[in-house]
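A look at the structure
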Amino acid sequence: MENQGVEFIYSSFEDAQLHGLIYTKGNYLKKIWGSLRAFSRRLALIGEVKKFDAVFIYEEASRIGPAVVERLIHNLGVPILYDFCDPIYLPYKGLRNGYFSYLKFFGKTATICEVSAHILVGNAELAEYARRFNPHVTIVPITIDLTGYPPKQWGASRSAETPVIGWSGSHSTIRHLDVAQRALQELRQKRAYRLRVLGSEHYELPGVEVEARPWTVAAEVEFLHGCDMGIMPLPVDAWTRLRSHLKIRQYMAVGIPCVASPVGVIRELIDDGANGFLADSDQEWVEKLTRLIDDPGLRERMGRKGRRTIEERYSGEVWASDVLRILRSIVKDHGLRPEP
């Protein structure tokens with residue numbers, strides 16, 4: 001949107017120190033202290049809010065506490081464009097943070113919806129939730145900035161190497177790999193492959209060669225280019241059914257084929273057998289991964305179709321004009337600028 005005359009200033013809740021702590025086990029006093037410092041930085045920004053035409057909030061202004069910052073922005077008369085793509089209103093106890101997770105005040109999502117001028121959500125189910133509190137809701141799926149995701153270059157030499165199955169996630173989602181654990185072990189008995197994991201420094205699967213390393217934004221695209229296919233096994237629960245699932249879009253964006261559980265919005269993303277595969281049982285996981293391992297040409301064709309899906313339906317360029325229209329609308333409606 002910058003080439004349309006829009007200027008953004010980004011302000012993160014976490015600083016580098018808190019970001020390094022937040023996904024570690026324990027360290028609760030340090031996390032609380034770091035979060036309180038971050039919250040105070042947020043409050044200090046309130047004095048600057050009137051200088052802006054609008055405030056864009058992704059998920060929440062503060063990781064902890066009720067919707068204090070959002071209410072203050074609303075009371076100042078500056079319109080809020082609110083965006084969330086996962087069911088962040090569902091209470092949960094994090095694996096790494098335990099009961100510290102409850103400091104998030106999960107119920108504040110409803111309050112932020114109420115005080116926002118407009119809400120962007122990642123899928124229809126989230127839209128249904130948001131409309132309980134505010135009629136001004138638009139579905140804008142998670143998008144990919146394709147300039148940062150160049151397509152994988154498929155070479156003839158790769159077909160002679162041991163295929164690499166990749167999984168990208170986080171500390172909180174690494175347990176999802178267990179859904180396909182038996183299938184991956186059975187697959188290894190039939191075919192040679194390596195499993196690469198990005199998101200945790202430790203992951204072991206008996207009988208399977210595994211390379212695991214922690215996630216970093218700098219490593220992600222290089223990691224995906226080093227994979228021949230990606231997987232997203234998922235348990236069926238309220239959280240996974242309502243999520244918008246960024247990682248599978250990243251597989252598709254770099255042009256590697258993916259196999260995923262048919263949960264929630266994934267059925268909209270993957271046309272089974274065309275731009276990817278859906279697998280709902282151990283047998284299907286083994287069968288479809290075997291097809292990709294055995295057929296380098298299929299991997300390339302399916303990967304290219306996945307890339308086109310992102311280009312045509314889920315790229316940032318495709319959706320920027322819609323978001324810009326909404327942004328201009330809420331500024332105009334609040335009377336801050338005659339021609340924002």
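Computed from a predicted structure; not experimentally measured.

1. Description of the nonpolar core
Most often, soluble globular proteins have nonpolar side chains that are buried together. If you look at the biggest cluster of nonpolar residues, it comprises 54 residues, and the most contacted ones within it are I165, L184, L195, I231, I248 and L289. Ranked by the residues each element gives to this core, the list is headed by helix α11 (residues 282-294), at 5 residues. Setting aside its immediate chain neighbours within four residues, L289 contacts I165, L184, L187, M229, I231 and V259. Core analysis: the next-biggest nonpolar cluster, separate from the first, contains 32 residues, I80, A110, Y129 and V137 among them.

2. Brief notes about helix α12 (residues 296-314)
For α12, spanning 19 residues, the distance from its first C-alpha to its last is 26 Å, which sits close to the expected 27 Å at 1.5 Å a residue. Along α12, the residues classified as buried are L298, R299, M302, G303, G306, R307, T309, I310 and Y314. Projected onto a plane normal to the axis of α12, the buried residues spread over an arc of 165° and lie on a single side. In this structure, the buried residues of α12 make contact with β8 (229-232), α9 (246-253), α10 (266-269), β10 (277-278), α11 and α13 (316-333).

3. Quick look at the pattern of salt bridges
Inspection of every chain in the model, using the stated rule, returns 16 salt bridges. The partner of K288 in a salt bridge is D272, with the nearest N and O atoms 3.2 Å apart. Remark: D272 occurs in the loop between α10 and β10 and K288 occurs in helix α11; sequence separation between them is 16 residues. Accessibility expressed as a relative area gives 9% for K288, which makes it buried. Take D272: its relative accessible area is 38%, and that puts it in the partly exposed class. Salt-bridge contacts for D322 lead to R325; the nearest nitrogen and oxygen are separated by 3.9 Å.

4. A short note on the sheet that holds strand β2 (residues 80-84)
What the 4 strands build is an open sheet, ordered β1-β2-β3-β4; its pairing is parallel. The open sheet has two edge strands with one neighbour each: β1 (55-58) and β4 (137-139). On average, each strand axis in the sheet is tilted by 20° relative to the strand beside it, whichever way the strands run. The pairing of strand β3 (residues 118-121) with β4 spans 3 bridges and is parallel. Bridging from a neighbouring strand, I119 pairs with V137 of β4. The strands touched by helix α4 (residues 108-115) are β2 and β3; relative to β2, the strand with the most contacts, the crossing angle is about 145°. Relative to the sheet, α13 contacts β2, β3 and β4, its axis offset from that of β2 by approximately 145°.

5. Considerations on unusual backbone geometry
Not every positive phi belongs to a glycine, and E59 is a case in point at roughly 70°. Despite not being glycine, H245 shows a phi value in the positive range, around 60°. When you line up the elements, H245 lands in the loop between α8 (238-242) and α9.

6. A few points about the pairing of β2
Where burial is concerned, most of β2 is hidden: 5 out of the 5 residues are buried. Where burial is concerned, the two faces of β2 agree: the one with I80, Y82 and F84 and the one with L81 and D83 are both buried. As a crossover connection, the stretch from β1 through helix α3 (residues 68-75) into β2 is right-handed. Pairing geometry for β2 and β3, over 4 bridges, is parallel. Bridging from a neighbouring strand, L81 pairs with H118 of β3.

Cut-offs and rules
Residues numbered from 1 in each chain as written. Predicted model: local features only at pLDDT ≥ 70, side-chain atom pairs only at ≥ 80, totals over all residues. Heavy atoms only, no water. Core = buried A, V, L, I, M, F, W, Y, C linked by side-chain atoms within 4.5 Å. Buried < 20%, exposed > 50% of the residue type's maximum accessible area, 1.4 Å probe, protein only. Helix = DSSP H or I, 4+ residues; strand = E, 2+ residues; numbered from the N terminus. Contact = heavy atoms within 4.5 Å. Expected span 1.5 Å × (residues − 1). Arc of directions from axis to C-beta. Salt bridge = Lys/Arg side-chain N within 4 Å of Asp/Glu carboxyl O. Pairing = 2+ DSSP bridges. Axes fitted to C-alpha atoms, helices over the stretch in contact; angles between N-to-C directions. Right-handed = clockwise from strand over helix to strand, strands pointing away.

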